[in-house]
Amino acid sequence: MAFYVVQFLTGLASAASLFLVASGLSIIFGVTRIVNFAHGAFYMLGAYVAFTLTERFSGAIGFWGGVVAAALIVAALGVLVEMVLLRRIYHAPELFQLLATFGLTLMVEDLVVLIWGPSDLLGRRAPGFKGAVDFFGQNVPSYDLFLIGLGPVVLGALWLIFQRTRWGVLVRAATQDRDMVAALGVNQKWLFTSVFALGVFLAAVGGALQIPRDAVHHAMDLRIIVDVFVVVVIGGLGSIIGAFVAAVLVSELNAFGILIFPKISIILLFLVMAAVLIVRPWGLFGKPEVTARRTPGLTVNPWRPLSSKGRLAAVTALLLAATLPLFAGNYALTVGSEIAIFVIFAASLHFMMSVGGLASFGHAAYFGLGAYGVAFLAKMAGLPMITCLLLGPALALAGAALFGFFAVQLSGVYFAMLTLAFAQIVWSIAFQWVEVTGGDNGILGVWPEKWAASPSHFYWLAIGVAALAVAVLRNIVFSPFGYALRATRDSPRRSDAIGIDGKLIQWTAFVIAGTFAGIAGALFAYLKGSVFPDSLGISLSVDALVMVLLGGVETVSGAVVGAIVYKALSIFLVSQTDLSKLILGGVIVLVVIALPKGIVGVLETIRQRRRPRPEPPLLASRIGTAE
Amino acid sequence: MKLSVEGLNSYYGPAHILFDVALDVGDGEVVALLGRNGAGKSTTFRSIIGLVEQRTGRIVFEGSDVSDQPTHAIVSRGLGYVPEERRIFTDLTVDENLEVGRQPVRPGAPHWTREKLFSLFPNLGEMRGRAGGSMSGGEQQMLTIARSLMGNPSLVLLDEPSEGLAPKIVEQMVDAILTMKEAGVSMLVSEQNLHFARLICDRAYIIERGRICFSGTMRELDERPDIRDAHLAL
Ligand SMILES: Nc1ncnc2c1ncn2[C@@H]1O[C@H](COP(=O)(O)OP(=O)(O)OP(=O)(O)O)[C@@H](O)[C@H]1O
Ligand SMILES: [Mg+2]
């Protein structure tokens with residue numbers, strides 16, 4: 001019995017940091033409508049800076065002062081980020097905001113390694129809370145008790161700030177109607193900046209307070225952000241009480257999940273989240289979004305099927321690509337195959353995002369499932385390669401069907417966060433369930449059969465499948481199903497009124513996209529001869545998003561160009577520098593700010609300008625007036 | 001001159017809504033902007049305080065050109081705005097709604113305190129702790145006006161203050177507006193209700209399809225039933 005109580009207390013103690021970070025995210029979202037992906041990075045920075053300060057200055061003042069100073073320093077950094085980056089993108093579609101803050105996260109990860117080194121750092125213990133309290137023969141660290149008390153104190157302090165100060169009243173008013181607040185003479189700029197500072201401060205305190213409990217390391221950010229997303233999805237974005245309750249719930253689930261499903265404890269979390277979403281799609285304490293902003297917003301051109309000229313160009317490009325083995329070496333061919341695989345992957349996400357308006361932040365889950373599907377079939381069942389390639393993606397299809405069902409109940413940022421959380425759950429299963437997946441060691445020896453083994457043959461296979469996949473996806477865009485999907489994207493209510501079952505359509509699109517991602521993953525497994533949990537990871541999901549964005553979200557086939565450019569660039573970067581994340585993150589941020597229409601979008605705009613235009617710029621307003 | 005607008009052109013995307021709108025409001029004056037549904041009254045107001053992004057023209061408030069200033073800067077110079085849709089903060093209490101509108105005392109403009117406002121709108125005083133969302137339409141209308149007055153404005157843009165109100169409430173509204181006028185607040189009031197406008201306004205402009213097509217005193221307007229019938233739905 002005492003054991004369970006102690007387990008419960010440990011859960012409560014973990015909830016404190018989680019609550020701090022999640023409430024910060026919620027507060028920022030409430031006013032700025034930005035889901036700050038970089039929140040995990042600020043949490044991590046809080047821990048690192050506090051580590052340095054508490055090492056430098058000893059004693060109680062050194063420690064507690066260091067924690068507070070670290071949080072203030074990181075909050076100041078947050079203010080800088082808000083003023084330099086976020087102010088430019090408050091009016092951008094939410095996908096761009098998520099991506100920009102994700103780019104920031106990548107940059108911080110590399111910077112942290114650059115400054116503090118790659119190894120784990122063990123910080124000091126908190127003065128005054130070094131011992132443990134005996135509880136019926138079980139030890140409870142007294143620091144845990146401190147954290148358990150801290151959570152409600154912070155909750156109360158936030159409540160007071162928001163209810164009793166003018167600033168709090170303004171923030172709550174802005175949460176409801178920012179423009180009206182400006183129309184009453186309040187400078188929103190500084191309101192936003194101060195809100196962002198408070199949110200970042202909370203995240204940094206959360207990180208700093210973790211030092212006595214856990215090692216400081218450079219993957220802290222992603223680990224916490226997934227939990228935080230789960231917390232805000234369960235508790236309701238924008239609700240501080242919701243963040244508190246859900247943080248406790250999630251931490252307890254983590255604490256007890258280990259006891260119930262020792263190998264795959266995260267499943268419990270998934271089950272609870274799914275249950276909450278079915279009963280209350282906006283979270284326990286959240287409110288339905290009145291006007292959910294849609295992802296598209298930069299329409300370049302009306303979409304048309306390819307003209308015969310366009311088709312000819314596409315076939316020519318494909319034939320040219322097919323001549324690569326005649327003059328290129330094996331390395332180039334392997335790179336070429338990889339690019340072709342990523343064309344499929346990016347095209348599948350692009351289909352879901354641009355046509356379906358569903359911006360998934362966890363698309364790698366289906367890529368990885370396809371890869372694992374192939375690996376299981378090839379290694380365990382010993383099936384021939386063709387059969388594996390055909391059946392492997394079925395695992396992705398099944399995963400997409402399961403997760404997609406829940407995900408399409410939501411939209412916008414909730415959809416993005418949920419897909420990310422699902423992907424992370426799949427990743428954790430692959431990582432934790434060592435007996436089946438080999439865990440971190442992956443599954444090795446998934447080699448192609450003889451007919452496809454040579455780099456040139458595999459390359460032809462890859463570009464052949466890629467061409468086919470892109471063609472099929474394009475055809476779906478211009479099929480009746482594609483029109484229904486676009487109708488649902490542009491105007492859910494109206495399409496509902498003409499008898500389109502929007503959720504079913506979106507679910508189908510999700511499954512189609514997941515399956516195509518699985519095909520890419522299946523090929524990838526054969527290309528690499530192995531499968532690792534990485535191929536389900538967040539960074540792969542984001543790679544796909546960047547490819548789509550780089551190519552142009554609002555074009556039909558931008559993903560193809562985006563995938564080629566991005567993949568070639570990143571393979572080149574990785575071979576040239578150790579700071580690939582820093583550069584990549586910088587590129588993402590720059591693309592969001594400077595090239596929001598993507599490469600293909602820009603090309604189309606230029607082409608449009610050259611051509612004498614019979615049509616006035618009516619299209620630009622389509623988005624504004626639709627809905 | 002309190003406010004003077006010249007050559008105002010506004011657009012929503014590609015749609016050109018206002019065409020060379022020009023109007024003035026003198027010190028202490030109450031001026032009506034009359035026009036049918038969709039004539040461009042609200043757009044004029046929203047353009048004046050910078051809520052319509054695509055606009056050209058000159059807006060001079062108390063002698064300074066505010067055309068290029070952001071909304072909050074224009075408003076905090078003492079140009080209050082009461083939107084047609086009211087836009088009460090429904091989650092906030094009456095007191096908190098007033099707090100959002102509060103601005104420092106401004107020399108040369110009447111100074112409003114909560115107490116003064118509650119004597120202007122007695123209903124509000126009885127529901128200071130009520131959430132804005134649970135109030136009736138009339139109460140919300142009073143709250144929006146009171147909220148703007150908390151900013152101690154010298155000029156208020158009132159967008160259809162009588163719309164959708166019961167006759168009794170409209171009477172209270174007339175009294176309140178006259179009290180505001182006595183206190184020295186200039187007003188530009190958009191209206192479709194000519195009778196209401198007659199009770200409170202000195203002069204009137206008529207706007208039709210984004211163009212000002214009449215300007216004169218209320219008396220002059222009454223002498224031109226042809227104009228009235230052509231441009232106002234009565
Ligand atoms: N956000 C908007 N986007 C596009 N067009 C708009 C928008 N708001 C108003 N309009 C158009 O601008 C024109 C003027 O509208 P406005 O709201 O200014 O009229 P109004 O005189 O206030 O009418 P009402 O008496 O109905 O309030 C109308 O044709 C309207 O359809
Ligand atoms: Mg109007």
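To keep things clear, this report deals only with the structure shown in the data block. (Residues numbered from 1 in each chain as written. Chains lettered and ligands numbered in written order. Predicted model: local features only at pLDDT ≥ 70, side-chain atom pairs only at ≥ 80, totals over all residues. Heavy atoms only, no water.)

Some details on the overall build of chain B
Inference 1: Tallying secondary structure elements over chain B gives 10 helices and 10 strands in all.
Inference 2: Taking 234 residues into account, the globule formula puts the C-alpha radius of gyration at 17 Å, and chain B, at 17 Å, falls close to it.
Inference 3: Along the three orthogonal principal directions, the C-alpha set of chain B runs to about 45 × 40 × 35 Å.
Inference 4: Counting over 234 residues, chain B shows a buried share of 57%.
Inference 5: At a minimum sequence separation of 6, the contacts of chain B that also span at least 24 residues come to 69%.
Inference 6: Put simply, chain B shows about 9300 Å² of open surface, and 49% of that area lies on carbon and sulfur atoms. (Helix = DSSP H or I, 4+ residues; strand = E, 2+ residues; numbered from the N terminus. Rg over C-alpha atoms; globule rule 2.2 N^0.38 Å. Buried < 20%, exposed > 50% of the residue type's maximum accessible area, 1.4 Å probe, protein only. Contact = heavy atoms within 4.5 Å. Areas by Shrake-Rupley, 256 points an atom, 1.4 Å probe, with all protein chains shown as cover.)

What to know about the pairing of strand S1 (residues 3–12) of chain B
All names here are of chain B.
Inference 1: One ladder, built from 7 bridges, connects S1 with strand S2 (residues 15–25); its direction is antiparallel. Across the sheet, residue Ser4 finds its bridge partner in S2, namely Asp24.
Inference 2: In this antiparallel pair of consecutive strands, S1 and S2, the connection spans 2 residues, and Gly13 shows a positive phi of 60°.
Inference 3: Across 7 bridges, S1 lies against strand S4 (residues 54–61) in antiparallel orientation. Residue pairing in the sheet places Ser10 in a bridge with Arg55 of S4. (Pairing = 2+ DSSP bridges.)

With respect to the interface of chain B and chain A
Where interface size is given, it is often the accessible area lost as the parts come together that is meant.
Inference 1: Taken together, the contacts link 23 residues of chain B with 21 residues of chain A.
Inference 2: Summed over both sides, the interface of chain B with chain A buries roughly 1900 Å², with 59% coming from carbon and sulfur.
Inference 3: Counting the contacts that link chain B with chain A gives 3 salt bridges.
Inference 4: Between Arg87(B) and Asp177(A) there is a salt bridge, with the nearest N and O atoms lying 2.8 Å from each other.
Inference 5: The interface formed by chain B and chain A holds 9 residue pairs in polar contact (both at pLDDT 80 or more) in total.
Inference 6: Those elements giving two or more residues to the side of chain B that touches chain A turn out to be helix H2 (71–75), helix H3 (94–101) and helix H6 (137–149) of chain B.
Inference 7: It is H3(B) that provides the largest number of residues to the side of chain B that touches chain A, a total of 4 residues.
Inference 8: Tallied by class, residues from the side of chain B that touches chain A come to 10 nonpolar, 7 polar and 6 charged. (Buried area = accessible area lost by both parts, 1.4 Å probe. Salt bridge = Lys/Arg side-chain N within 4 Å of Asp/Glu carboxyl O. Polar contact = N/O pair within 3.5 Å; in protein donor to acceptor, adjacent residues only side chain to side chain. Nonpolar A, V, L, I, M, F, W, Y, C, P; charged D, E, K, R; others polar.)

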